[in-house]
Amino acid sequence: MQKRRKYSEEYKREAVALTNQSGATLKEIGEELGINPGMIGRWRRELGLGESNAFAGQGKPRDEEMATLKRELAKVKKERDFLREAAVDSIGQCNTSCFNDEFGVNNGTTRATRVIP
């Protein structure tokens, strides 16, 4: 199966301009450019609907939202990791109560004997 070819907006506009300038049919221009004539006809319709939204692409709002959320998640993870490292570096040890609970140390001491990454 072939990959879908993507054409730039400029290329699409030039192909449509060829149909308007010459007396050739869509089929002849399509064969000359190696493009399906129906594609050129669709480009011509899209361009005729309005100059501002011609060839807008296929991006969906859901995809944009997903990308935004992924960027935000990456930022929050970086902040979390930075704060975690800063907290360990500043005191030289991790939270002692978590250490004591995890390893069953309950002898009344609050000092951890090793750093947990």
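One can find the structure itself at the top, above this paragraph.
Here the structure is a predicted model, which is why all the values come from computation and not from measurement. (Residues numbered from 1 in each chain as written. Predicted model: local features only at pLDDT ≥ 70, side-chain atom pairs only at ≥ 80, totals over all residues. Heavy atoms only, no water.)

Caption draft 1: The overall build of the protein, seen in detail. Along the backbone of the protein there are 5 helices and 0 strands. Taking all 117 residues of the protein together, 16% fall into the buried category. At a minimum sequence separation of 6, the contacts of the protein that also span at least 24 residues come to 36%. Carbon and sulfur atoms make up 52% of the accessible area of the protein, which totals about 10000 Å². (Helix = DSSP H or I, 4+ residues; strand = E, 2+ residues; numbered from the N terminus. Buried < 20%, exposed > 50% of the residue type's maximum accessible area, 1.4 Å probe, protein only. Contact = heavy atoms within 4.5 Å. Areas by Shrake-Rupley, 256 points an atom, 1.4 Å probe, with all protein chains shown as cover.)

Caption draft 2: Seen up close, the nonpolar core. Formed by A15, V16, I29, I35, I40, W43 and L47, the largest nonpolar core amounts to 7 residues. Contributions of two or more residues to this core are made by α1 (9-21) and α3 (37-49). Here the element with the most residues in this core is α3; it accounts for 3 residues. For I40, the residues in contact, after removing those within four places along its chain, are A15, V16, T19, L26, I29, G30 and I35. (Core = buried A, V, L, I, M, F, W, Y, C linked by side-chain atoms within 4.5 Å.)

Caption draft 3: Representation of the pattern of salt bridges in the model. Taken as a whole and assessed by the stated rule, the structure comprises 3 salt bridges. Between E9 and R13 there is a salt bridge, with the nearest N and O atoms lying 2.7 Å from each other. With a gap of 4 residues between them, E9 and R13 both fall in helix α1, about one helical turn apart. Looking at R13, the relative accessible area reads 25%, which means it is partly exposed. (Salt bridge = Lys/Arg side-chain N within 4 Å of Asp/Glu carboxyl O.)

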